[in-house]
2 protein chains.
Amino acid sequence: MKLCRFFLIFLCFYNLETNGQQLNDYKLWLKYEQITDSKLSASYKDISSKIVVGESTPSLLNAKEELALALPQMLGTDIEFLSAIDKGNALIVDVYQNLPVDLKSAVSKEMMDVKGDGFVLKSVKLTNKKVTVITAKTDLGVLYGTFRFLHLMQSQHLLDDLKVVDNPKLDIRMLNHWDNLDRSVERGYAGFSLWNWQKLPEYVDQRYIDYARANASVGINATALTNVNANALILTPMYLEKVKALADIFRSYGIKVYLTARFSAPMEIGGLETADPLNAQVQQWWKDKVKEIYAIVPDFGGFLVKANSEGQPGPQNYGRNHVDGANMMAEAVKPFGGNVIWRAFVYSEHDDTDRAKQAYDEFLPYDGNFMDNVLVQVKNGPIDFQPREPFHPMFGAMKKTPLIMEFQITQEYLGFSTHLVYLPKLFEEVLDADTFQKGEGSTVAKVIDGSLYGNKLTGMAGVSNIGTDINWTGHPFAQANWYGFGRLAWDPYLSANTIAEEWLRATYSNEEEFVDPIKEMMLDSREAIVNYMNPLGLHHIFDTGHHYGPGPWVDNLGRPDWNPVYYHKADSLGVGFDRTPSGSNATEQYASEIAVQYNDPKTIPQEYLLWFHHLPWDYKLENGEILWDAIALKYQEGVDQVTQMIKTWDRMKPYLSENEYKEVSMLLEIQLKEAKWWRDACLLYFQTFSNRPLPTGVERPTKSLEYFKSLKFPFAPGIRPRWD
Amino acid sequence: MKLCRFFLIFLCFYNLETNGQQLNDYKLWLKYEQITDSKLSASYKDISSKIVVGESTPSLLNAKEELALALPQMLGTDIEFLSAIDKGNALIVDVYQNLPVDLKSAVSKEMMDVKGDGFVLKSVKLTNKKVTVITAKTDLGVLYGTFRFLHLMQSQHLLDDLKVVDNPKLDIRMLNHWDNLDRSVERGYAGFSLWNWQKLPEYVDQRYIDYARANASVGINATALTNVNANALILTPMYLEKVKALADIFRSYGIKVYLTARFSAPMEIGGLETADPLNAQVQQWWKDKVKEIYAIVPDFGGFLVKANSEGQPGPQNYGRNHVDGANMMAEAVKPFGGNVIWRAFVYSEHDDTDRAKQAYDEFLPYDGNFMDNVLVQVKNGPIDFQPREPFHPMFGAMKKTPLIMEFQITQEYLGFSTHLVYLPKLFEEVLDADTFQKGEGSTVAKVIDGSLYGNKLTGMAGVSNIGTDINWTGHPFAQANWYGFGRLAWDPYLSANTIAEEWLRATYSNEEEFVDPIKEMMLDSREAIVNYMNPLGLHHIFDTGHHYGPGPWVDNLGRPDWNPVYYHKADSLGVGFDRTPSGSNATEQYASEIAVQYNDPKTIPQEYLLWFHHLPWDYKLENGEILWDAIALKYQEGVDQVTQMIKTWDRMKPYLSENEYKEVSMLLEIQLKEAKWWRDACLLYFQTFSNRPLPTGVERPTKSLEYFKSLKFPFAPGIRPRWD
């Protein structure tokens, strides 16, 4: 036989994951992978293979289902649910008032510290057995505790001697979806809207449930389903039935639904001739509409409103003001326990004051006039979610009105979903900022959590980065921004460092050799993007409309304050926006401690330099560099940081599956390409004013300024809805 | 201890699949689930646990990877890849010319019958061992054979005595994606476009690879990436780089990329002042553009063109004709082996001829004038993808021009992605139709495969139903329509019955108790939708624009032939479109055998009755019913059929996971609701003309005609792109 001449060569055993990675990414930080450390696994089995869950409510049932999903996967064994503790060890999962008497007394001390939907995790030793207790005042608290317990297991904490008490520090922990009814998402870079209005209410997509699980796992308890650039149709019966279906799913995960209210809805869908908030018919229309909503969504959260902002209708169309508008709606939802969240993101084309000053000027006079179920929602900075902004001067200044923080999780100005940028670092910077409005230590976090002025209602909102992409957020690392937002909304004093570690362990690996360098990479990533996009306080120099890529040269938009040249003010003498008393005097909106420091280019933190000062190209910085060189070197530093990220990621190959490695690797290549694009385009443009050579160490552009100006992206994702 | 008083009650072992079902749906018909029949599994292991794959080409590597993915899952064991056969049994996977000599001779007889990318699967007995051979002339043929081999295993065929020779019967087996550059999909109901232009070319989504695998598994070998309502930007360098990235992925799966060419592109992106096909500059522009494309996509398939149709630009804008336009492009792609596929879907608002006649009238005179690399793409029927149409009269009549069939897989007029409708049943009806143009037996299939007139180039195109939904097609059963289209493009003589069985076994289960009733349900589903939407030859009575739901009353559109009233012509005397010699005489476009039969309401098949005849409401049908009663009873029958589908599905619970059961169950509820909506709205409307009561057996509508007329769906999915 000729065949005998062939030799057997053993090649390999394959273990392909042809479409495995994306499907694994879908699971977010709830992967519940098998714990390979056998000692640890044994200790977990010891405490959690027999479980007693109080089964009386949907939220407790969710806790049970999560345990039933997670534990067998992590421990590689079946688990048993018992109706009561027997002779062996057990895990008890129930609200405090339903615990057996002896367990009640064992956790009573910790329960004294529990507030709202906070929880206790505690190891209790009883005769011959160990009982691990997950308990809370509310069933939702128990669900939160269950997620925390599972998280501790995922991140391989020893659980033998548990004693955790944790409370949410803010009331409203909310996602804002800028989702349109045609499923496009304004500033969405992860596919399209999760809400499949066409198939609702009948078809309950599994994603709705998994969305709710992910949110509950970090304590997010509210969601505004629709774009703040609102369409009134969402308030019609056909859509409200669909909203009800979502609310019904989210309820047992503790998530309340909010809707965005188009101010002119009484005219558009109500047949009225005005939307004047002082008109009795208009007031009645909103009352009736609210009654209609609460009849089918009894725990409806309330309205989120963008009014008289960027063309949206509002009370000013009728000569009324924000208080008139907000209180009219607040009156309508008040009997049902609802809230009105009124956005402070306003700036007018008819106002030639510095845009950064306008929200403060427009809202401060109303402090104290809003009803007590109104929150004013303020973006973290005074312009618009730039890679870096100083904190918004309304924080600390507006004392009698609860301010809800608005962060942007979706990366409109931070590289869409192709750039790895860890945003909790940005959020933390804002929350830690000291407003000095009630003396030193008056941080933004203390404004937000109500502790500074004793506001009764508190909250944090994040503009969602979630879409239909299988991995939810487009970039695998953008999941960390959703996670991190949730954690900070729960506790605005958590560090970005802690959160990064939590997320990495649950999402990727518990190996120190992986976690440490990648955590470092995440923590540095935000400064990298500031450097390669908007260093030294530059801001809003993005290309028009879609905000994709650099456009510092753009000067032809309908409104002056939409043009990048408005913000950088580069000329032959220098660059930067003078917001000191010699300029727009925006610094006067801050406490004097800050104003004094910021007014002087020698004392202002360098990262805000050009936000507040117009300085000559040869202005000397503290380190001896002239401004032009410093700008150029910062752009280069940003590019170098991305190169470094690529190297770091490459070193992590041993800890990653091939597809895990590849997907981030491909994205980092785009990030590097775009970082260079930013550097080259901005430096070539600013060079036309500075007329100075690039300093040593800065790579020479390989394309011309004309080339960069010629680039057009009519189909960049996330643009404003075209029916608007 | 008080705890001792509690009794242990064993509750259950959970095996949740919280987000499992959707992720499983992602795998389509390539699930490769473990084979639980141990005898069968042993016999498969016997022949396939040692494998030799020729490794010289990317397509063979794909075959190897597919085996490496599939076999360990199905057989629950590792497999070994050898570089050559050793002493034991083996599976050999290689092109014929590389087989060892003794195997070559063992399959030489079968290889005589192989054509193109066809393949042979054969069990060969050699001394002391059994060798299973997967071979072909081309490496792509080997990949096709590998998929077939794995399919046979998935569907539990005995493989001990394999002898299969199978050849593709059509050359171009093609998907048409009506995908826009903003990722909206015209007539798309499964989310949005797979093509993430923003992240291309760098980011290779795993979905592109899995899309290619799924297509290759059924033999689809071409894809037109973009909407026939085309945007010229796809032909600019920035987008061509992205197209190249997709083509590079698809190549090793045998899939050629086509693009839709906007006829006015030379003006829009070329800076010319005309797009006149006889203008030398225009001709040169296309030649240069084609050269540019082939430089980066050497196996580019060619252009798909919608010209002078529904507002698209075309040669007629310059006083030229279809031949002038098509041949100009054909000239440009000819040197590179490319094709031009020119759509015959034309009808003019300035032509008051019956719309059903216009394509035939416009194209027949050009028969024989097109270059030999032009195919004319003809929709299955003369109007527009209705639930039922007679075959298009161009089939069989246009003899010298290769006609490529255009089927619509996406369910524009067939319930979007919420109705379970098995389309191969519709496709089969068309392919089996006898045109009589070359005597009896001149079926559409024989026109399409070139055997009737000896056309050299053949093909079938399907308008894709694929989108970003995790399950690809929105409805799990819509996967069967993608699968079935591919199988019929490979072999237009396959039966819908066979295909349904193949798909069910690979997708759901091999249990006869499941396969038999569900196959029956699928086969009946197409007649059900005809009954509850468009019975007895009614057609195009859909609501405006989005085509969601009934709109027989619509009479106010810009063009008469866009109005439903144009098509049903209901009046006090009767209903239906007279297309006999006393009316539009559309029947004259068919062979006389058909014309004679169709001209007489007594001899025409009842399902085409009102397509060709305007008949009185009390016209007596063969079964004694009067027309009005027959229409009403058909609508009711359609509703009853959906009720029956729900009952059938409910009985299948034992064979399904909870989520598998639930997702289809929820969709069937929507289907039932919408079937009733169709019945009630259409009968109430037609009753205003017939003035007759509903016959016994037809449920009474619970809403009024005014209610149905008032329904508006401005955000129904799949509408025309708004930049168009």
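Residues numbered from 1 in each chain as written. Chains lettered and ligands numbered in written order. Predicted model: local features only at pLDDT ≥ 70, side-chain atom pairs only at ≥ 80, totals over all residues. Heavy atoms only, no water.

Considering the domain arrangement of chain A
- Segmenting chain A into domains produces domain 1 (32–166), domain 2 (172–507) and domain 3 (531–577 + 614–710).
- Inter-centroid distance (C-alpha atoms) of domain 1 of chain A to domain 3 of chain A is 50 Å. (Domains from an automatic or database assignment.)

What to know about the UniProt feature "domain: Glycosyl hydrolase family 67 catalytic" (unreviewed entry) in chain A
- Feature annotation in UniProt places "domain: Glycosyl hydrolase family 67 catalytic" (unreviewed entry) on residues 153–472 of chain A, given in this structure's numbering.
- Helix makes up 28% of residues 153–472 of chain A and strand 13%. Its end C-alpha atoms lie 24 Å apart. (UniProt positions renumbered as here; feature names shortened; annotations may be inferred. Helix = DSSP H or I, 4+ residues; strand = E, 2+ residues; numbered from the N terminus.)

What about the packing of helix H5 (residues 139–154) of chain B against helix H6 (residues 206–218) of chain B?
Residue and element names in this part refer to chain B.
- It is at 8 Å that the axes of H5 and H6 come closest, and there the two elements cross at 85 degrees. Accordingly, the angle class assigned to the pair H5 and H6 is roughly perpendicular. Counted together, Leu143, Tyr144 and Phe147 of H5 and Arg213, Ala216 and Ser217 of H6 form the full contact between these two elements.
- Here the residues of the contact of H5 with H6 are counted per class, giving four nonpolar, one polar and one charged. (Axes fitted to C-alpha atoms, helices over the stretch in contact; angles between N-to-C directions. Parallel < 35°, antiparallel > 145°, perpendicular 65-115°, else oblique. Contact = heavy atoms within 4.5 Å. Nonpolar A, V, L, I, M, F, W, Y, C, P; charged D, E, K, R; others polar.)

Describing helix H6 (residues 206–218) of chain A
All names here are of chain A.
- Relative to the 18 Å expected for 13 residues at 1.5 Å per residue, H6 spans 19 Å between its end C-alpha atoms, a close match to the ideal helical length.
- Counting buried positions along H6 gives twelve out of 13 residues, so the element sits mostly inside the fold.
- Of the positions making up H6, those classed as buried are Gln206, Arg207, Tyr208, Asp210, Tyr211, Ala212, Arg213, Ala214, Asn215, Ala216, Ser217 and Val218.
- The N-cap of H6, judged by a side-chain oxygen 2.8 Å from the amide nitrogen of arginine 207 a few residues on, is aspartate 205.
- Of the residues trailing H6, glycine 219 is marked for its positive phi of about 90 degrees. (Expected span 1.5 Å × (residues − 1). Buried < 20%, exposed > 50% of the residue type's maximum accessible area, 1.4 Å probe, protein only. Polar contact = N/O pair within 3.5 Å; in protein donor to acceptor, adjacent residues only side chain to side chain.)

Remarks on the sheet that holds strand S5 (residues 129–136) of chain B
All names here are of chain B.
- If you walk across this open sheet you meet the six strands as S2-S1-S3-S5-S4-S6, and the pairing is mixed. Because the sheet does not close on itself, it has two edges, and the strands there are strand S2 (80–82) and strand S6 (163–166). Shown here is a sheet whose adjacent strand axes are inclined to one another by a mean of 25 degrees, direction ignored.
- Bridge count between strand S3 (residues 90–95) and S5: six bridges; the pairing is parallel. Bridge pairing in S5 links valine 95 to alanine 136. (Pairing = 2+ DSSP bridges.)

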